[in-house]
Amino acid sequence: MAYLDNIAVFVRVVELGNLSAAGRDMRISPAVASNRIKELEKHLGVRLFNRTTRQLMPTEHGTVFYAGAKQVLDSIVEAEAAVAALSGQPRGTIRVTAPLGLGRRLIASGIPEFHDKYPDIEVRLRLSDHNVDILKEGLDVAFRLGLIEDSSLRMRGIMECERVLVASPKYLERRGEPQSPQELVSNKHDCLMLRYPGSREFFWLLETSAGPAKFEVHGPFDSDDGDVLTGWALAGRGIVNKPRFEVEPFLRDQRLKVILPQAPPVPVQFAAVYPHKKLQDPKVRLLLDFMADRCQRLIKDILAGR
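Below: a short report on this structure. (Residues numbered from 1 in each chain as written. Predicted model: local features only at pLDDT ≥ 70, side-chain atom pairs only at ≥ 80, totals over all residues. Heavy atoms only, no water.)

### Focus: the packing of aromatic side chains
Where we set the bar: Note on aromatic pairs: the rings of Phe, Tyr and Trp (six-membered ring only in Trp) are paired at centre separations within 6.5 Å, and the planes decide the class, stacked below 30 degrees, edge-to-face beyond 60, tilted for the rest.
Summed over the entire model, instances satisfying the criterion amount to 5 aromatic pairs. For the pair Phe114 and Tyr118, a centre-to-centre distance of 5.1 Å together with 50° between the ring planes defines the contact as tilted. Every member of this aromatic cluster is reached through a ring pair, and the members are Phe10, Phe49 and Phe65.

Given below as structure tokens:
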């Protein structure tokens, strides 16, 4: 088992790029992770990483070994999943990622309940509004809001979510309320954008009488955290494009107002994506079923004011 543990640490270091991140992910100290890599290098008689001050990059030997090591670990996971399916006792760890706002409101709050129901399954949640590469980083499931483009992943649709453009009364009093989508651009409204390296949100896709149309809106600042954008909108700093369920409480207490209801943003898909092989893992299926049902109920309750 010690050798397999060393291999598992090596694989996570390659996927996450440094010892500290791999150690946190596997719940061991960086010192223990470093010792496991050293033991593996000693056993193989080669150096597996080129070390820099911030990152570990696999050597040529490390790259070759990673491919085989990953296959070994994947085979073990698949074998364990097959046994769990026969025994009816799923166990193990599921690595999950979700956007910050959605993850806090819908996913994180359901994980303790899921664990109570299935105590032999551990869930490790990572929240980020960045578009996380789940294959590269060895994750099992990603909950996403938006266009799903990666054809190498399977998708389970959860629900289509209405989006709205909202701003605070304070902002609308100061800048005026736009009466057409074109005014967002021509009047240079402060539009709050979700942006990060690799982000594609450089325009808003709105429903118009002529069909969906792109509007290249701009603003004085942006963020990689959707909740920060909502906070700025509440403070009167601009217009934000959000799933309605995320801002419904603020619409109800009139801290935010829907603008351009005749030209709303195109609805967004709420879905879970995962590698093809994970569908055969019973613990992943259980999590998908549990979260899909729970999120649908919670979103409906939020929109109904319950």
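Once you've had a look at it, read on.
### Examining the packing of helix α1 (residues 2-16) against helix α2 (residues 19-26)
Relative placement of two packed helices is described by the angle separating their axes and the distance separating the axes. Selection rule: Structural elements are reduced to axes, namely lines fitted to C-alpha atoms, with helices fitted over the stretch in contact, and the angle between N-to-C directions of any two is expressed from 0 to 180 degrees. Secondary structure follows DSSP: runs of H or I at least 4 residues long count as helices, runs of E at least 2 residues long count as strands, and numbering of each begins at the N terminus. Oblique is the label for every angle not falling under 35 degrees (roughly parallel), over 145 degrees (roughly antiparallel), or within 65 to 115 degrees (roughly perpendicular). In this scheme, a crossing is called left-handed if the near helix is turned counterclockwise away from the far one by less than a right angle; it is called right-handed if the turn is clockwise. What makes two residues a contact is simply this: any of their non-hydrogen atoms within 4.5 Å. Charged means Asp, Glu, Lys or Arg here, nonpolar means Ala, Val, Leu, Ile, Met, Phe, Trp, Tyr, Cys or Pro, and polar covers whatever is left, Gly included.
Taken N-terminus to C-terminus, the directions of α1 and α2 make an angle of 125°; their axes are 8 Å apart at the nearest point. It follows that α1 is oblique to α2 by the angle criterion. Along this stretch, α1 crosses α2, giving a crossing that reads as right-handed. Contacts from Ala8, Val9, Arg12, Val13 and Leu16 in α1 reach Leu19, Ala21, Ala22, Asp25 and Met26 in α2. Across the contact of α1 with α2, the residue classes break down as 8 nonpolar, no polar and 2 charged.

### Overview of helix α3 (residues 30-44)
The criterion, for reference: Here the expected length of a helix is defined as 1.5 Å per residue gap, with one fewer gap than residues. Exposure classes here rest on a 1.4 Å probe applied to the protein chains alone. A residue is buried below 20% of its type maximum, exposed above 50%, and partly exposed in between. Here, the arc refers to the directions that run from the helix axis to the C-beta atoms.
Along its 15 residues, α3 runs 21 Å from first to last C-alpha, staying within 8% of the 21 Å computed at 1.5 Å per residue. Here α3 has its buried residues at Ala33, Ser34, Ile37, Leu40 and Glu41. Each buried residue of α3 lies within a common arc of 125° when the element is viewed along its axis, so the set occupies one face. Looking at α3, the residues exposed on the side facing more than 90 degrees away from the buried face are Ala31, Lys42 and His43. After α3 finishes, the residue Gly45 shows a positive phi value of roughly 75°.

### Comments concerning the sheet that holds strand β5 (residues 141-145)
Paired through backbone hydrogen bonds, the strands of a sheet run either parallel or antiparallel to each other. Inclusion rule: In this description, strands pair whenever DSSP reports at least two bridges between them.
Ordered in space as β4-β3-β5-β14-β6, the 5 strands form an open sheet in which the pairing is mixed. Both edges of this open sheet fall to β4 (121-127) and β6 (153-161), since each of them pairs with a single strand only. For this sheet, the mean inter-axis angle between neighbouring strands, taken without regard to orientation, is 20°.

### A few points about the sheet that holds strand β8 (residues 191-194)
Judged by pairing direction, the sheet is mixed, and its 5 strands sit side by side in the order β11-β8-β12-β7-β13 without closing on themselves. Because the sheet does not close on itself, it has two edges, and the strands there are β11 (222-223) and β13 (257-259). When β8 meets strand β12 (residues 239-243), the two strands line up parallel, connected through 2 bridges. Note on β12: the bridge partner recorded for Cys191 is Ile239. Of the strands in this sheet, β8, β11 and β12 are in contact with helix α9 (residues 226-234), which crosses β8 at around 170°. Packed onto the sheet, helix α10 (residues 244-252) meets β7 (163-167), β12 and β13 and runs at close to 120° relative to β12.

### What about the nonpolar core?
This is how it is decided: Nine residue types can take part in a nonpolar core, namely buried Ala, Val, Leu, Ile, Met, Phe, Trp, Tyr and Cys, and a core is a set of them joined through side-chain atoms within 4.5 Å.
Core analysis: the largest hydrophobic core is formed by 28 residues, its most contacted members being Leu102, Ile107, Val141, Phe143 and Phe270. Elements with a minimum of two residues in this core: β3 (92-98), α5 (100-107), α6 (111-117), β4, β5, β6, β14 (268-275) and α11 (282-304). Counting residues per element, this core draws most heavily on α11, at 8 residues. Val141 has contacts with Arg95, Val96, Thr97, Ala272, Val273, Tyr274, Val284 and Leu288, leaving out every residue within four places of it along the chain.

### Quick notes on the pairing of β5
Burial analysis of β5 places 4 of its 5 residues in the buried class, which makes it a mostly covered element. Inspection of the sheet shows β3 paired to β5 by 2 bridges, in the parallel sense. Bridging from a neighbouring strand, Val96 pairs with Val141 of β5. With 4 bridges joining them, β5 and β14 adopt antiparallel strand pairing. Across the sheet, residue Leu145 finds its bridge partner in β14, namely Phe270.

### As for unusual backbone geometry
A positive phi is found at Lys188, a non-glycine position, where the angle reads about 50°. Topologically, Lys188 is positioned in the loop between α8 (181-186) and β8. Of note, the phi angle at Leu260 is positive, near 50°, even though the residue is not glycine. Along the chain, the position of Leu260 falls in the loop between β13 and β14.

### Focus on α1
Think of an α-helix as turning once every 3.6 residues; residues three or four places apart then point the same way. Relative to the 21 Å expected for 15 residues at 1.5 Å per residue, α1 spans 21 Å between its end C-alpha atoms, a close match to the ideal helical length. Those residues of α1 that fall on the buried side of the exposure criterion are Asn6, Ile7, Ala8, Val9, Phe10, Val11, Arg12, Val13 and Glu15. The positive-phi residue at the C-terminal boundary of α1 is Gly17, with phi of around 90°.

### Some details on the side chain of His189
Heads up, the rule is: In protein, a polar contact means a hydrogen-donor-capable atom and an acceptor-capable atom, both N or O and within 3.5 Å, with residues adjacent in sequence counting only if both atoms are side-chain atoms; elsewhere, any N or O pair within 3.5 Å suffices.
Along the chain, the position of His189 falls in the loop between α8 and β8. For His189, a relative accessible area of 2% gives the class buried. Separated by 2.8 Å, the side chains of His189 and Tyr171 make a polar contact.

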